[in-house]
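Okay, here's what each chain looks like letter by letter:
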Amino acid sequence: MAEFPSVAWFEAVAGVFNSDESYRGAGGGQCHCQAGIKVGKRVFLLVFEGFECAEVREVDVSELEPVDFYLEMPLKDWKAMVQDIAANGAASLHYTLNTLDLNREAGLSHSVHGDQYREDLFFRYNQTFQFFFDASARIKTTFAR
Amino acid sequence: MGEAIDLATAEIELDLSWMGKQGEWGTKVSPSKHGLTLADIQVGDYGNPPEFSDNMTGRPRGAGARNDSYRIGGYSIRTRSEIWLENASFLYEEALQRQWSSATDVPWHTIEPLPDDIEEAQCQLATFLTEVEFVAGDVPARWISETTPDYFEPRNVLLAQVMDESRHMDVFRKRALANGGGLMQATGGTAGVVGSIDLARDFTEMSTRLHISGEGAVLTIFRMGELMAYNDAEKTIYRLCAQDEARHVAFGVMHMRYMSEEAPERREEIESYLDEAERQILAGSQNPAGNQTASSEALAVLLGGGKDKYDEGFNKLMAIRKRQLQEYMKRVRSAGFGERFENGRSRVQGMIEASAA
Amino acid sequence: MAKAKASQAAADSKQGQPGAIEGIPQPKFDWAGRSNQWGTRVKPGKHGLRLGDLNVGIYGEIPEYWPDQTRNPRGAIARKGVPPVGYSIRDKAGLWADSAADLYEEAIQRRWAPATDVPWETIKPLNEGLERAICQVCTELCQYANGDIEAISSWQHQMSYGYHEVKQFLATASFDGARQYEAFRKRALCNGGGLGLEGPGKVNRMILESRGGWSEAVTYLFLLRGTFTMTMLRYLERAAYNDAERFLYRHTLQDKARHLTYGLEHLQYAIAHQEDMALIMQQLMFIGDRIFAREMRDNVLREALAVIFAGGIEKAGSEGMAVYREMMTDFMETYLGHCSWLGVKRNLEMMPQVLTQYVTRA
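Reading the values: rules and limits
- Residues numbered from 1 in each chain as written.
- Chains lettered and ligands numbered in written order.
- Predicted model: local features only at pLDDT ≥ 70, side-chain atom pairs only at ≥ 80, totals over all residues.
- Helix = DSSP H or I, 4+ residues; strand = E, 2+ residues; numbered from the N terminus.
- Buried ≥ 20, exposed ≤ 12 C-beta atoms within 10 Å, placed from the backbone.
- Contact = placed C-beta atoms within 7 Å.
- Rg over C-alpha atoms; globule rule 2.2 N^0.38 Å.
- Nonpolar A, V, L, I, M, F, W, Y, C, P; charged D, E, K, R; others polar.
- Expected span 1.5 Å × (residues − 1).
- Core = buried A, V, L, I, M, F, W, Y, C linked by C-beta atoms within 7 Å.
- Pairing = 2+ DSSP bridges.
- Axes fitted to C-alpha atoms, helices over the stretch in contact; angles between N-to-C directions.
- pLDDT = per-residue confidence, 0-100.
- Parallel < 35°, antiparallel > 145°, perpendicular 65-115°, else oblique.
- Left-handed = near helix turned anticlockwise from the far one by under 90°.

Draft legend 1. Representation of the overall build of chain B within the structure. For chain B, the helix and strand inventory stands at nine helices and zero strands. Ordered by position from N to C terminus, the α and β elements of chain B give α-α-α-α-α-α-α-α-α. Oriented by its inertia axes, the alpha-carbon framework of chain B measures out at about 85 × 50 × 45 Å. Sorting the 357 residues of chain B into buried and exposed places 65% on the buried side. When contacts within chain B are restricted to residue pairs at least 6 apart in sequence, those whose partners lie at least 24 apart make up 74%.

So this is what it looks like as structure tokens:
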């Protein structure tokens, strides 16, 4: 059991993701980028190298500068997404990352640097990130208040 | 016919002088954490693509040359800046790693009958996307055989692109025929019109039109497709196509960036290609989110949730256009041509304001 | 968002009257209801939803001649007045093979990535003669792949979309070429060696100069060169010095086998549907055999293979050459067998002795 959001939660998800080879095919595959996850004021940095999420750490908001892109939502929206994934085994139609990005007025994916080439990594590796969050269905999640 | 070399005897004396004419020797590379990638083997002379290639025999870069070898290639692309980009090896490996199968990776069983107007709109869009992906398959192929193998890295990325586009053609045909519908009327918007991608006479001209404006626009459509999907199969189709398309766009951005830095004398020419591409962004029927066409109406029906919700869908389509244009601007900036948005040359900012009004 | 909600409310209040809101154009919906065949519902089978499964009703009608020079998908309603793109291959006999759709799907299912699928770590230092020979063969295999890539990609865009299955299969074949090019370059550079001496290029030029049409290119690329490459790969696989090489040769062999299947089936179709095609092929092979023989007179590839088969230079002239002869005998038998299967008569007396010396059976 791990609490969202926390390093422990992302590490638990990474454990499931890294050990399931089915995530390496079907449009998944090697992924090389740094992604930020912003939950309210808390920021987590995920480093993807090859087939794995190699590193997770909590960072200061100022450290979003070097990431290729970061995903930002308030806790209640992250919670809704994670709960949807847990209930369905994978994101249902309204909770996939791309849909959230387009449906939300403020979007989901952002960058500090504004370089679209790097922001496009969100699209280039979209299936990998979807697989990553879908892997959270296989851990027990509690939520911070 | 002719003299034969006597190979019937048991013992042949070998010449082996060729062993002294081989390429640079003593190269040893080990696989990195991510396997043995093309980037890993860019060592010594093997990693140095020449600025100008005089290789007309199809010799692998770095191999020993024979003076009597036949010329096989009438390569028109022999100057590095014409096709090069810094991360071609990376994009090629990425393409290999992220291939998918439209037969088995799409959960086709999740498709259920849809209301007629939705199915019809989906089929109209699928017909259009099948047609448009034909362009993106045909055109890069034409340039591959024109390119010297000294620049095999970008050539391999283009080969991967032809493969990707082939899969896109097939997945949208599959979608059109999978749920009680069928193909509809082709738009014809992808053929021989002046200024189209087919007519490019230069690789960078083609790449500007195909990778930056054309595929950039289609990438947004794929993302929208994921948003308006009615089942997991459609979600998967659009998401995976968007991944591929983003790779093709990345090729264009990085090539333009390289060209802009290495051949600044061609900047003005490239600005002209961008002028032309921008004129077509909304007016051209190649863009399904462009001005009112069968495809844009179909999109609005899908986005709204039916013909009776067309207006709602249309408003979402306006948001698509805005987003498409914003992403286009940011990509062109990333490629090193952002000035056009500040000096009044580009009308894209005006288009964004108009679509928001 | 607020705007969208307002629009939603407005739309709800006037159901069925889209476009009545100010600023939103009235839709024409003139595309609706326009299909040559509606009501198609192809279900995925045991192996998924395959390209060939889609060939139902009019969507599976593949005409002998495809006059449309636009990108109209087969079965869709064509739009009149569209300027032609200029496809030159519009006869089914010029490219068709019934298996193209299945081979396309097979290529995707059996894809592999040299970077991560090949067990590179199993390659250990070899004696220099052997390493030089392996690097030489890898270099020539790169050049063969280059021929595949340039030949296929120069024809692909000339093929009509009425026969999209073939275009799609060829997209996999040229992508296979890219992989072969990459994989053998990696092998040449990973074990203390380097690339070898370039090949003579005679056969590559012949393939690229097949101006008589795609069927001519298929004859040289897949039937002649393809059969030779496959035979060579089979012998290389047997002689591999580690699991990495074994993997490389075996997987490339699989790819080449798909190409040959298409090639044979297409040529069979062309012969069955085009008068005098068998005679044309007889002439093409007469020419092709001579050019192939000229390339085979070159000692480099032969010696490199002999060194590999013998495990080094020392016994290459005896044991290595014996295996080489065995390989060539295999090649000639297979090649002549394919010609016979196609119904293309071959007269051994008219063939170069450089090749017929390996034919042991009448």
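Draft legend 2. Here's a closer look at the overall build of chain C. Secondary structure summary: chain C contains twelve helices and zero strands in total. Listing the helices and strands of chain C from first to last along the sequence gives α-α-α-α-α-α-α-α-α-α-α-α. Here the C-alpha radius of gyration of chain C, 26 Å, is well above what a compact globule of 362 residues would show, namely 21 Å. Seen through its principal axes, chain C has C-alpha atoms that stretch 90 × 50 × 35 Å. When burial is assessed residue by residue, chain C has 55% of its 362 residues classed as buried. Looking at chain C alone, contacts between residues at least 24 apart form 75% of all its contacts between residues at least 6 apart.

Draft legend 3. Representation of the interface of chain A and chain B within the structure. Taken together, the 21 residues of chain A in the interface contact 27 residues of chain B. When contributions to the side of chain A that touches chain B are tallied by element, the ones reaching two or more residues are α3 (97-103), α4 (116-119), α5 (121-124) and α6 (126-134) of chain A. Residue contributions to the side of chain A that touches chain B peak at four residues, all from α3(A). Residue composition of the side of chain A that touches chain B, grouped by class: five nonpolar, 13 polar and three charged.

Draft legend 4. Here's a closer look at helix α11 (residues 316-342) of chain C. Residues and elements named next belong to chain C. Taking 1.5 Å per residue as the helical rise, α11 with its 27 residues ought to reach 39 Å, and the 36 Å between its terminal C-alpha atoms agrees with that figure. Among all positions in α11, only Ala316, Gly317, Gly320, Met321, Tyr324, Met327, Met328, Phe331, Met332, Tyr335, Cys339 and Leu342 are buried. Buried residues belonging to α11 abut α7 (214-238), α8 (243-273), α9 (277-297), α10 (299-310) and α12 (353-356). Remark: glycine 343 follows α11 within two positions and exhibits a positive phi of approximately 80°.

Draft legend 5. Looking closely at the nonpolar core. Within the largest apolar cluster, 263 residues are counted, with the highest numbers of intra-cluster contacts made by Leu159(B), Ala160(B), Leu302(B), Val137(C), Val307(C) and Ile308(C). Those residues in contact with Leu302(B), other than ones at most four positions away along the chain, are Ile118(B), Ala121(B), Gln122(B), Leu125(B), Met228(B) and Gly313(B).

Draft legend 6. Layout of the sheet that holds strand β3 (residues 42-49) of chain A. Residue and element names in this part refer to chain A. Read from one edge to the other, the open sheet built from five strands follows the order β4-β3-β2-β5-β6, with strand pairing classed as mixed. At either margin of the open sheet sits one strand with a lone partner, and together these are β4 (52-59) and β6 (109-110). Direction of pairing for strand β5 (residues 69-73) relative to β6: antiparallel, over a ladder of two bridges. Its bridge partner being in β6, tyrosine 70 is matched across the sheet by histidine 110. Where helix α1 (residues 7-19) meets the sheet, its contacts fall on β3 and β4, and the angle it forms with β4 comes to roughly 175°.

Draft legend 7. Structural view of the pairing of β3(A). Residue and element names in this part refer to chain A. Here strand β2 (residues 33-39) pairs with β3 via seven bridges, running antiparallel. The residue bridging glutamine 34 from the neighbouring strand is valine 47, located in β3. Here β2 hands over to β3 after two residues, with glycine 40 in that stretch at a positive phi of 60°. One ladder, built from seven bridges, connects β3 with β4; its direction is antiparallel. From the neighbouring strand, phenylalanine 44 faces β4, where its bridge partner is glutamate 58. Two successive antiparallel strands, β3 and β4, enclose a turn made up of two residues, where glycine 50 displays a positive phi of approximately 60°.

Draft legend 8. Fine view of the confidence of the model for chain C. All names here are of chain C. Looking at chain C, pLDDT values average 91 and 93% of them are 70 or higher. Contacts for the low-pLDDT stretch residues 1-16, under 50 throughout, to residues beyond four places or in other chains number 18 contacts. Among the prediction metrics, the complex's ipTM stands at 0.92, with pTM recorded as 0.91.

Draft legend 9. Structural context of unusual backbone geometry. Following Phe4(A), the chain continues into Pro5(A) via a peptide bond in cis, with omega recorded as -5°. Note that Pro5(A) resides in the loop between β1 (2-4) and α1. Even without glycine at this site, Leu16(B) takes up a positive phi of about 60°. Relative to the elements of secondary structure, Leu16(B) occurs in the segment before α1 (88-97). On the neighbour-count criterion, Leu16(B) (19 C-beta atoms within 10 Å) is partly exposed. Residue Asp276(C) is not a glycine yet carries a positive backbone phi of 65°. With respect to the secondary-structure elements, Asp276(C) resides in the loop between α8 and α9.

Draft legend 10. Structural context of the environment of Ala294(B). Positionally, Ala294(B) belongs in helix α7 (residues 294-304). A sequence separation of 170 residues divides Ala294(B) from Gln124(B), and the C-alpha atoms of the two residues are 7.5 Å apart. Setting aside anything within four residues of it in sequence, one finds Ala294(B) in contact with Gln124(B), Gln185(B), Thr187(B) and Trp31(C).

Draft legend 11. Just the packing of α7(B) against helix α8 (residues 310-334) of chain B, in detail. All names here are of chain B. The interhelical angle for the contact between α7 and α8, taken along N-to-C directions, is 110°, at an axis separation of 7 Å. Taken as axis vectors, α7 and α8 run roughly perpendicular relative to one another. In contact with Ser296, Leu299, Ala300, Val301, Leu302, Leu303 and Gly304 of α7, α8 contributes Tyr310, Glu312, Gly313, Phe314, Lys316 and Leu317. Its residues assigned to classes, the contact of α7 with α8 shows eight nonpolar, three polar and two charged.

Draft legend 12. Layout of the confidence of the model for chain B. Residues and elements named next belong to chain B. Scored by pLDDT, chain B comes out at a mean of 88, with 91% of its residues at no less than 70. Confidence, expressed as mean pLDDT per element, reaches its minimum in chain B at helix α9 (residues 348-356) with 78 and its maximum at helix α3 (residues 152-177) with 96. Scored below 50 in pLDDT, residues 1-5 makes eleven contacts in the model with residues more than four places away or belonging to other chains.

Draft legend 13. Main features of the interface of chain B and chain C. Contact residues are listed per partner, giving 110 residues for chain B and 113 residues for chain C. Residues of the side of chain B that touches chain C, tallied by class, amount to 49 nonpolar, 37 polar and 24 charged.

Draft legend 14. Examining the packing of α1(B) against α3(B) more closely. All names here are of chain B. For the pair α1 and α3, interaxial distance at closest approach is 8 Å and the crossing angle is 30°. Between α1 and α3, the angle falls in the class roughly parallel. Of the two elements, α1 crosses α3, and the hand of that crossing is left-handed. Two secondary-structure elements touch here, α1 through Ala88, Ser89, Leu91, Tyr92, Ala95 and Leu96 and α3 through Glu153, Pro154, Asn156, Val157, Ala160 and Asp164. Tallied by class, the residues present in the contact of α1 with α3 amount to eight nonpolar, two polar and two charged.

Draft legend 15. Inspection of the environment of Pro73(C) at higher detail. Along the chain, the position of Pro73(C) falls in the loop between α1 (2-13) and α2 (100-109). A count of 27 C-beta atoms within 10 Å places Pro73(C) in the buried class.

Draft legend 16. Layout of the environment of Pro31(B). Along the chain, Pro31(B) falls in the segment before α1. For the pair Pro31(B) and Ile41(B), spaced ten residues apart in the sequence, the C-alpha separation amounts to 9.2 Å. In this structure Pro31(B) touches Leu36(B), Asp40(B), Trp120(C) and Glu121(C), once residues within four positions along its chain are discounted.

Draft legend 17. Local environment of the pairing of β2(A). Judged from the five bridges that link them, β2(A) and β5(A) form a sheet pairing that is parallel. Looking at the pairing, Ile37(A) lines up with Leu71(A) of β5(A).

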